[in-house]
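# A look at the structure
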Amino acid sequence: RELAALSQQLQQVHPNVLAKILKQRTVYQNEEIVVIDKPYGLPVHGGPGIKNCIADVLPILAKMLENMKADPLHLCHRLDKETTGVMVLARSKEAAEKIRLLFKTRQVEKIYWAIVLGDPDPVEGVVEIPIVEKEVKSHQSHYKMTLAPNYRLCPEDGKVMKIRKNRNAESAVTRYRRLAAASACSLLELQPITGVKHQIRVHLAYGLGCPILGDHKYSHWSKLAPQKLPELTLRRLKLEQSKARHLPLHLHAHRLCLPLGQPLDFVCKPPLFFQKTLRKLELDIPKD
């Protein structure tokens, strides 16, 4: 609830205040880039009902970091509103284009941490299933990303058969590795090789059957209901199922390695709420 309130507060503050918050969360800067630790619940782009977003305060942030004549900063990639962690901004259009190209050509190494429900089987591997956006036909129609596999099992003999590719599907590849398991949950390290919208969330929920803790959108397909949590998890979190809807998304952009001249390596510790959940669930953070 505190996080939800905080995220609403971020929508109500003056853009200068928001820029100041981002300035305090700057983890690195040089003449080409500025790296921030993105807070929870802050959208990167504007949209319906969004008053404040990172994109809008980039001119103010640039002035605060350099001087009043500074050019606005540029976005190089995006993170979901609820995702926390490492985010790179560029100081010039040229630098932004260079970095976007590095992302596009998969030269940027991105490592995420997620707390998920259940235990992936196998505990380490690669999910390589294309993803497509589809309309969910239910009493409240809405859109979600989902899997568009290239293969299925033949109902007659159980053999694997290739099916026709969905034209709109984008290829998506995610490496994952389990770092810890306890309380019917796991801490996973994830490396998205591609960058499709909601890729990690969809691959974990629908590909591995291990939705991210607090991912109410991708824990079921047709319902817009809060995530259903195992008894043990609820007990450890001291939470009732009826209050599960307040649980935030536990997905954190932990590390990013950018090959700009020499490789630059940035690490952001998970936010406090993430660390508390790890402790409550007795998931041990691996010592890097």
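Residues numbered from 1 in each chain as written. Predicted model: local features only at pLDDT ≥ 70, side-chain atom pairs only at ≥ 80, totals over all residues. Heavy atoms only, no water.

### Brief notes about the nonpolar core
Grouped burial of nonpolar side chains is what soluble globular proteins tend to show. Counting residues in each nonpolar core, the largest one holds 44 residues, and the members touching the most others are Ile54, Leu73, Leu89, Leu190, Leu204, Ile212 and Leu251. A total of six residues in this core trace back to one element, the largest contributor, which is helix α3 (residues 54-65). When sequence neighbours within four positions are dropped, the list of residues in contact with Leu73 reads Val34, Leu58, Leu61, Ala62, Leu65, Leu89, Ala90 and Arg91. (Core = buried A, V, L, I, M, F, W, Y, C linked by side-chain atoms within 4.5 Å. Buried < 20%, exposed > 50% of the residue type's maximum accessible area, 1.4 Å probe, protein only. Helix = DSSP H or I, 4+ residues; strand = E, 2+ residues; numbered from the N terminus. Contact = heavy atoms within 4.5 Å.)

### Description of helix α5 (residues 199-207)
Counting buried residues along α5, seven of its nine residues qualify, which places the element largely inside the surrounding structure. For α5, the set of buried residues is Gln199, Ile200, Arg201, Val202, His203, Leu204 and Ala205. Following α5 by one or two positions, Gly209 has its phi on the positive side, about 70 degrees.

### Quick notes on the packing of aromatic side chains
Inspection of every chain in the model, using the stated rule, returns four aromatic pairs. Pairwise contacts between aromatic rings join Tyr206, Tyr218 and Trp221 into one cluster. (Phe/Tyr/Trp six-rings, centres within 6.5 Å; stacked < 30°, edge-to-face > 60°.)

### Observations concerning the environment of Gln191
Tracing the sequence through the fold places Gln191 in strand β12 (residues 185-192). Those residues in contact with Gln191 that lie beyond four places of it in its chain are Glu109, Lys110, Ile111, Val173, Thr174 and Arg175.

### Concerning the domain arrangement of the protein
Domain annotation for the protein reports domain 1 (1-105) and domain 2 (115-246). Each of domain 1 and domain 2 was reduced to a C-alpha centroid, and the two centroids are 28 Å apart. (Domains from an automatic or database assignment.)

### Description of the pairing of strand β1 (residues 26-29)
Two elements, β1 and strand β2 (residues 33-38), share three bridges in a ladder whose sense is antiparallel. Counted as the bridge partner of Tyr28 is Val35 from β2. (Pairing = 2+ DSSP bridges.)

### So, the state of the cysteines
Here the structure, examined in full by the defined rule, presents zero disulfides. Left unpaired, Cys76 is separated from the closest cysteine sulfur, that of Cys268, by 15 Å. Cys268 carries a free sulfur, and the closest cysteine sulfur to it, the one in Cys257, is 14 Å from it. (Disulfide = S-S within 2.5 Å.)

### What about empty space enclosed by the protein?
Per the stated rule, a full pass over the model turns up one cavity of 30 Å³ or more. The computed volume of the largest cavity comes to approximately 30 Å³. The wall of the largest cavity is formed by His77, Val86, Lys110, Ile111, Tyr112, Ala253, Arg255 and Leu256. Elements supplying a minimum of two residues to the lining of the largest cavity: β5 (109-117) and β13 (251-260). Grouping the constituent residues of the lining of the largest cavity by class yields five nonpolar, one polar and two charged. (1 Å grid on protein atoms, 1.4 Å probe; cavity = no way out; pocket = protein on both sides within 12 Å on 5 of 7 lines; lining within 4 Å. Points joined across faces, edges and corners; volume = space filled by probe spheres on them. Nonpolar A, V, L, I, M, F, W, Y, C, P; charged D, E, K, R; others polar.)

### As for the pairing of strand β14 (residues 262-267)
Of the strand pairs in this sheet, β13 and β14 are connected by six bridges, and their pairing is antiparallel. For Cys257, the partnering residue across the bridge sits in β14 and is Asp265. Hairpin connection between β13 and β14: a loop of one residue separates the two successive antiparallel strands, and Gly261 in this loop has a positive phi of roughly 70 degrees.

### Points about helix α4 (residues 93-104)
The end-to-end C-alpha separation of α4 is 16 Å, in line with the 16 Å expected for 12 residues at 1.5 Å each. Residues of α4 that are buried: Ala95, Ala96, Ile99, Leu102 and Phe103. In a view along the axis of α4, the buried residues occupy a sector of 120 degrees, so they form one face of it. Facing away from the buried side of α4 by more than 90 degrees, the exposed set consists of Lys93, Glu94, Leu101 and Lys104. One or two steps after α4, the chain reaches Arg106, where phi turns positive at roughly 60 degrees. (Expected span 1.5 Å × (residues − 1). Arc of directions from axis to C-beta.)

### Notes on the side chain of Thr194
Mapped onto the secondary structure, Thr194 falls in the loop between β12 and α5. Relative accessible area serves as the criterion here: at 5%, Thr194 is assigned to the buried category. Within polar-contact distance, the side chain of Thr194 engages the backbone nitrogen of Val173 at 2.9 Å. For Thr194, the side chain forms a polar contact with the side chain of Gln199, separated by 2.7 Å. (Polar contact = N/O pair within 3.5 Å; in protein donor to acceptor, adjacent residues only side chain to side chain.)

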